[in-house]
Structures are given as C-alpha cells and as structure tokens.
Amino acid sequence: MAETTLNDDAGAENAEATAARPTNVLIVGVGGQGVIMVSKVMATLAQRAGFEVKQSEVHGMAKRGGGVFSHVRFGHKVFSPTIPRGEVDVLLALEWAEGLRWLNHLNRSRGTFIADVKRIVPPFACRNRADGAPLGYSRETPKDVLSRVRTGYALNASGMAERLGNPRVANTILLGVLSTALDFPEEEWLAVIEQFVPPKTVEVNLRAFGEGRDWVARHGEVGPDEEVDFSPPAGLETPPRRPRVFIERAWCKSCDICVKMCPERCLELDEAHIARMRAPERCTGCRLCEYLCPDFAIRVLRLPQDASEEEASA
Amino acid sequence: MNERPAPEKLPRDGSFDIRDWLRLELMPHFMCPGCGHGIALRALLWALDELRVNKDDLAVVSGIGCSGRTAAYIDANTFHVTHGRPLAFATGLKLARPDLTVVVISGDGDSLAIGGNHFLHACRRNLDMTLILLNNEIYGMTGGQVSPTTTAERFTTTTPFGNNEPVFDACEVAQAAGATFVGREATLQTPNLKDLLKDAIAHHGFSVVEVISDCTEIYGRKNDLGNSPEMILAQKREMRPEAYRNTVDTPFRPNPFNTGVLARRDRPEYLDVYRARTEALRRQGGGK
Ligand SMILES: Cc1ncc(C[n+]2csc(CCOP(=O)(O)OP(=O)(O)O)c2C)c(N)n1
Ligand code: SF4
Ligand code: SF4
Ligand code: SF4
Ligand SMILES: [Mg+2]
C-alpha cells in the first residue's frame, strides 16, 4: 500500500486524512488489573494485521493500587507514541473512576467508551481519615456518564468474570467488548489472547471473550448492565465508630512520643508533663499513639457510636 | 506487695489489650522514658495474643540487661537467667519440655558479646524456638559501654573518643551460623514487627528477629541523637524494607539496615532429628 502523507492530494484530503490517521486505543485501570496485558494483546493484534504500532505505558504507583495507563496507536504510519487529548477512538477502562478520569481524552464525535463498573477506591479518595467520613470517590453513575459519550458500554465485567469462576478474566471480557468496536476478525483476537494468557486459563479466557461479545449483542450500543448495583462503594456506609483515647497517667513517663507522632496532633503534655488529649474531635482512632507508647500508658478504643460505656464493656 | 494504684478499668472493643498480658502489679515498668524496649515488648505480646498462645504453654527466657528485664512484666512463665546464657537455658528447657512455645528475649550485649558463643550454636542446632534480639547498640543497663553493634564513631563510656571497632550484623551472623528464619524490624513499625514476630514464632526451627530499638536515655544522650520522638523517627531514614531490595541504589545513610524477613530456609529441626534417631535406635535395640 502506498504511503500517504497529509495534504498529498488536496482533492481527496478528507478520505486520505481519515486513512492516514492512526486508530487510538487508550487502556486505563489500576495496578494489578492487567492493563499491560490488554494493551499487549491490542498491539500484537494490530501488528499481525500489518499495521505499524506504537505503544507507551505509565505504571505510576502501580504496586499500591495507583493508576496505570497504556496508549496503543496503530495505522499505516504512526509518529508519536502518545495519543493527543481528544483523539482517543476507544477508551477501555478496567476501573470505573480511572475511566472517568480519562474521559476528556476521548474524541466526542467518534469515540467509544468501554468500562468495567468495578470500583477500586484509591487511598487518596480518603480525604479525612476519621471513621465514616465521606470518600472523595466519584459518585457518577453509568447513566450520567453514558449520556455524555457517543457510544458507551458500562458493564459489570468483574461480576461476570467471577461467575465464570476466575475473577482475573474480567479484562478478557472487556477485550470481547472492544473487539466489537474495531475491525479485526474474531479468530485473530482468539489466537492472540491464547498467546498471552497462562496456558491453564486459555479455555476460561476464550469463554470470557465470547461473553464480552455476547454482552454487546444483548445490550446494543448504550446502556448500563441491569445487574449493576451502583450503590456507593463499600466503606462509605460503615457505621462510624467513636474513637476514645484513655491515658493511664500513673504509667506515662512524659517521653513526648505520642504527642509528636500523632498524625492529627491530638495530644499534648499537660502542666505535669503527662500526656493529655486536647483535640478529641480530630482523633481518627488510628492507634499510632497506643502502638508507640513505650509505657503502655495509652489505650485507644473504637466503640460503636451509640454504645454507652457499660454496654461496651459487657 | 506495692502501693501502686491499680490501672483504670477499661471497656473492650475486641482489639488487642496489652493489659491482658502484663503483671499489672509491677507496672509502671522500670525502663527510661522513650526506651524502645517497651515498644518491642508490646509487639511480642501482641504477636502471642494473635497467635492465641496459651500462657501456660509459653516460656519466656531472658538474659541480663534492660532487654532481658522486659520479660519480668509478662504474665506467663518467665525465666530471668545469667547474662549471656538465655539461649543455653532455653535449649535445655525446650529439650525437656518440647510442648512449650519458647521465646528468648536478649540484648546485643547479651547475645552478641558475652553470649556470642551460645548464639552461634543455637543457630547451628536449629531447635524450634525464637530469639528476639533487642539491638540498641549499647550496654544499656550497666551505664552505656560499647557493644558489638555500636555504630562507628559513636560515643559510649568505654569509647570516649568514638568507637573504632567494626560492627556485627546480627542477621548476617545468624544466617551464616545456620538459623532457618532471620528477620529484622524497627520499633517504629510496631504492627510490622508484630507480624514478623508472629511468623518467627510460628516457624518450625530456630528463628531470630533483630529489633532496632532506641536506648534514649544513655546512648541517645551521649551521642546527641535528639529526644525520644526524634530518635524513633530517625529509624525511618535508616531502614530499607526488604520488599524494596535492589530498588534503592544509594543507602539513605551510612549505616542502613534491611527490614522484613531476610532469610527463611528449610533444614531439619533439632528435635525432629533427635526423635527420628532415638526411634531408629530403639527399633535396632540400642546403640553401639
Ligand atoms: C556474667 C555477667 N557479666 C556482666 C554483667 C553485667 N551486665 C549486666 S547487663 C550487661 C550488658 C547488657 O547489655 P545488652 O545485652 O545490650 O542489654 P541492654 O541493657 O542494652 O538492653 C552487663 C555487661 C552481668 N550481669 N553478668
Ligand atoms: S488514635 Fe492516637 S495517634 Fe491516632 S489520631 Fe487518635 S490520638 Fe492521634
Ligand atoms: S508516649 Fe506514653 S509515656 Fe510517652 S508521653 Fe505519651 S503517654 Fe506518656
Ligand atoms: S538505659 Fe537505655 S536501654 Fe536501658 S531502659 Fe534506659 S533507655 Fe532503655
Ligand atoms: Mg543493648
């Protein structure tokens, strides 16, 4: 095929430009979900079809559940390995909030949004360490998001994978969905997936891929999976516990460790240089003061909010 | 006994309560303000509590030193024995009562200087017990003499111009001598230390856990290491978690220490070998 350069032939500019433009797939998720595996499948598939492929990935704080993303670009000629903002053709999110975070990279007129509604709450969503404090995690539901994209799929791939007996095949289910948005033969997908998954899991992965395709067939273009329960992520609704710090004055030796180590600066030494609680409302019940007091003078109890002292000791 | 007031009676919330494991009538304990040994003792009792070790099935043996003295506060069978010999005592105890969980609390002076010989041979024998080595780099109890782990250039009463002896790395010595479980943790990381001690106690064979502990009152003062909070925070600069091995090229300071499980090996346990041998001999009808 002849190589096409932009503005080569003014008359056929539109069609030529379209043909010259690479296809851009952005895969996002959090560490450990398999973002890299998915992007390797995508890149290999495109390569086998004879395209030039560029892939670049950022692992970030992947080991700690931080964000991971991978750009895969393929076409007759690909210059930059990164996709410009607003030029993503398919955004594939293995985690819900990561999908939302990258939404502005999706092309509004031709882009497709595919997301697992699985929610992994990152540590930084905990803006206040107190028990029962609201999380900073996105509260947008699939309905809110799907109304803002041209083509969108939000499915409970993780739940489907669990039902298949292997929670790790969620990303293969999403590959099944992705395969309906791109123009490669199904056998090619299956061959590449087989190449990248552990030999013992080939069968379940191939079934997972089929489930993803079936899901699209069942649900058409848009629409959240009816089975999705989108109540707030776990952790939001746990009944708050009231931390209480007890200080055994006779045991305290005024070493100041608890005062300096309390992350919320709740404690102080009183006139007699004995530890004292000065800001109970800031205490999160983290127990650091209890752990680090060399004299066992501090006891932190996390009692149910409404339990009276007598009830708690019973 | 003594006139100390009984501690306040507290409600329960299901979390570990150290009072369940203390001889309350002896509290408050003797240690100086900020001494790391107290935190190490908490971690040990917490580990035993989580392992659901029965107090009657537990024997804690300790040597002489501030480290060894901590055992006196444990509400279980405790033996406070000769300086440097807790491992020798514990070896006899375990051979006589293999059903007991045997834990030895010792110091750097106790186990690496005067008791160095027993330390090597306990590692070599691989009898199922646990040594907790509270390393504060000094002879705390006797007023601050140099120990085999005192950092270079540091001041002690016996190195008034700075220490010029090289140090022992207790964990490397233990591995070389054959210990089958070796780990290290600092008191700053109390929950990690508790978990490490749980693994060590559950390990079948001889296990060594070195605890980086602060002698605030003597070593800290003599070397201007700051007050208690400053000393314990300084541990953070020095530790290198084993999980990140090879990911940090330059140590954070001249004297870094690795933390976590440093070695775990499979080697026949002493009593298992002993039993198999006596059994074989019995079947043969006696030895030569
Ligand atoms: C046989 C014998 N030699 C010497 C002493 C004196 N002594 C008591 S404790 C101690 C050193 C303890 O140092 P270490 O084991 O590091 O414990 P620490 O007090 O630092 O916790 C010495 C030398 C003794 N009690 N018995
Ligand atoms: S539990 Fe202790 S350290 Fe934690 S916030 Fe409360 S007072 Fe501070
Ligand atoms: S850490 Fe313990 S001994 Fe030190 S000041 Fe606080 S309560 Fe007192
Ligand atoms: S002398 Fe040092 S090791 Fe001994 S109790 Fe005091 S601070 Fe702790
Ligand atoms: Mg010592």
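No experiment lies behind these values; they were computed from the predicted model shown.

Peer 1: Is there a simple way to explain the nonpolar core in this structure?
Peer 2: Core analysis: the biggest nonpolar cluster contains 52 residues, and Leu-267 and Ile-298 of chain A together with Leu-44 and Leu-45 of chain B have the highest contact counts within it. If you tally residues by element for this core, the top one is helix α1 (residues 36–50) of chain B, at eight residues. When neighbours within four sequence positions are excluded, Leu-45 of chain B is seen to be in contact with Phe-16, Ile-18, Trp-21, Leu-22 and Ile-74 of chain B. By size, the runner-up hydrophobic cluster in this structure holds 43 residues, among which are Ile-27, Val-41, Leu-45 and Val-202 of chain A.

Peer 1: Just checking my understanding: could you explain the site of ligand 3 for this structure?
Peer 2: Contacts to ligand 3 come from 13 residues, most closely from Cys-252, Lys-253, Cys-255, Cys-258 and Cys-293 of chain A. A breakdown of the residues in the shell around ligand 3 according to their chemical character gives nine nonpolar, one polar and three charged.

Peer 1: Help me understand the sheet that holds strand β6 (residues 151–155) of chain A in this model?
Peer 2: Hydrogen bonds between backbone atoms are what pair the strands of a sheet, whose relative direction is either parallel or antiparallel. Residue and element names in this part refer to chain A. Spatially, six strands are ordered β2-β3-β1-β4-β5-β6 in an open sheet, and the strand pairing comes out mixed. Looking at which strands have only one partner, the edges of the open sheet turn out to be β2 (52–58) and β6. The mean angle between the axes of side-by-side strands here comes to 10°, regardless of whether they run parallel or antiparallel. In this sheet, strand β5 (residues 112–116) lies alongside strand β4 (residues 90–93) in parallel orientation, the contact comprising four bridges. Note that in β5 the partner of Leu-92 across the bridge is Ile-114. Contacts from helix α2 (residues 35–48) reach β1 (23–30), β2, β3 (67–75) and β4 within the one sheet, and its direction differs from that of β3 by about 5°. Packing against the sheet, helix α6 (residues 170–181) makes contact with β1, β4, β5 and β6, and its axis sits at approximately 165° to β5.

Peer 1: What am I meant to see in the domain arrangement of chain A here?
Peer 2: By a widely used convention, the size of an interface equals the accessible area lost when the partners come together. In terms of domains, chain A is made up of domain 1 (22–219) and domain 2 (241–313). Domain 1 of chain A and domain 2 of chain A are separated by 46 Å when their C-alpha centres are compared.

Peer 1: I tried to follow the pairing of strand β10 (residues 298–304) of chain A on my own but got confused; where do I start?
Peer 2: Within a regular beta strand, the side chains point alternately toward one face of the sheet and then the other, so they alternate between its two faces. Residues and elements named next belong to chain A. Of all seven residues that make up β10, five are buried, and the element is covered over most of its length. Here seven bridges tie strand β7 (residues 241–247) to β10, and the two strands are oriented antiparallel to one another. Looking at the pairing, Val-245 lines up with Val-300 of β10.

Peer 1: Is there a simple way to explain the interface of chain A and chain B in this structure?
Peer 2: In this assembly, 29 residues from chain A lie in contact with 38 residues from chain B. Both faces considered, chain A and chain B share a buried interface measuring about 2,800 Å² in area, 63% of it formed by carbon and sulfur atoms. For the pair chain A and chain B, the number of links is five salt bridges. In this structure, Glu-248 of chain A and Arg-19 of chain B form a salt bridge, with 3.3 Å as the shortest nitrogen-oxygen distance. Where chain A meets chain B, there are twelve residue pairs in polar contact (both at pLDDT 80 or more).

Peer 1: I keep staring at the packing of aromatic side chains and nothing clicks. Help me out?
Peer 2: Given two aromatic rings, one states the distance between the centres and the angle between the planes to describe the pair. Evaluated as defined, the whole model comprises twelve aromatic pairs over all chains. On the numbers, 6.3 Å between centres and 90° between planes, the contact of Phe-51 of chain A with Phe-184 of chain A is edge-to-face. One end of the pair, Phe-51 of chain A, is in the loop between α2 and β2; the other, Phe-184 of chain A, is in the loop between α6 and α7 (186–196), with 133 residues separating them in the sequence. Ring centres of Phe-30 of chain B and Tyr-73 of chain B lie 6.4 Å apart, and the angle between their planes is 10°; on these two criteria the pair is classed as stacked. Taken together, the residues Phe-30 of chain B in the segment before α1 and Tyr-73 of chain B in the loop between α2 (66–69) and β2 (77–80) connect sequence positions 43 residues apart. Assessed through its relative accessible area of 33%, Phe-30 of chain B is described here as partly exposed. Put simply, the rings of Phe-51, Phe-74, Phe-184, Trp-189 and Phe-209 of chain A touch in pairs and so form one group of aromatic residues. Across from the ring centre of Trp-21 of chain B, 5.6 Å away, lies the NZ or CZ of Lys-55 of chain B, which sits over that ring. The ring of Phe-30 of chain B carries the charged tip of Arg-69 of chain B above its face, separated from the ring centre by 5.8 Å.

Peer 1: For this particular structure, what's the right way to read the site of ligand 4?
Peer 2: Residues and elements named next belong to chain B. Every residue near ligand 4 is listed here: Met-31, Cys-32, Cys-35, His-37, Cys-66, Asn-136, Gly-140, Cys-215, Thr-216, Glu-217 and Ile-218. Broken down by element, the shell around ligand 4 gets its largest block of residues, three residues, from helix α8 (residues 216–222). The class makeup of the residues in the shell around ligand 4 is six nonpolar, four polar and one charged.

Peer 1: How do you make sense of α7 of chain A when you look at a structure like this?
Peer 2: One full turn of an α-helix is made of 3.6 residues, so residues set three or four places apart face in the same direction. All names here are of chain A. Those residues of α7 not exposed but buried are Trp-189, Val-192 and Ile-193. Each buried residue of α7 sits inside an arc of 100° when the element is viewed along its axis, so together they form one side. Buried residues belonging to α7 abut α2, α6 and α8 (202–219).

Thresholds, definitions, all that
Residues numbered from 1 in each chain as written. Chains lettered and ligands numbered in written order. Predicted model: local features only at pLDDT ≥ 70, side-chain atom pairs only at ≥ 80, totals over all residues. Heavy atoms only, no water. Core = buried A, V, L, I, M, F, W, Y, C linked by side-chain atoms within 4.5 Å. Buried < 20%, exposed > 50% of the residue type's maximum accessible area, 1.4 Å probe, protein only. Helix = DSSP H or I, 4+ residues; strand = E, 2+ residues; numbered from the N terminus. Contact = heavy atoms within 4.5 Å. Near = heavy atom within 4 Å. Nonpolar A, V, L, I, M, F, W, Y, C, P; charged D, E, K, R; others polar. Pairing = 2+ DSSP bridges. Axes fitted to C-alpha atoms, helices over the stretch in contact; angles between N-to-C directions. Domains from an automatic or database assignment. Buried area = accessible area lost by both parts, 1.4 Å probe. Salt bridge = Lys/Arg side-chain N within 4 Å of Asp/Glu carboxyl O. Polar contact = N/O pair within 3.5 Å; in protein donor to acceptor, adjacent residues only side chain to side chain. Phe/Tyr/Trp six-rings, centres within 6.5 Å; stacked < 30°, edge-to-face > 60°. Lys NZ or Arg CZ within 6 Å of the ring centre and 35° of its normal. Arc of directions from axis to C-beta.

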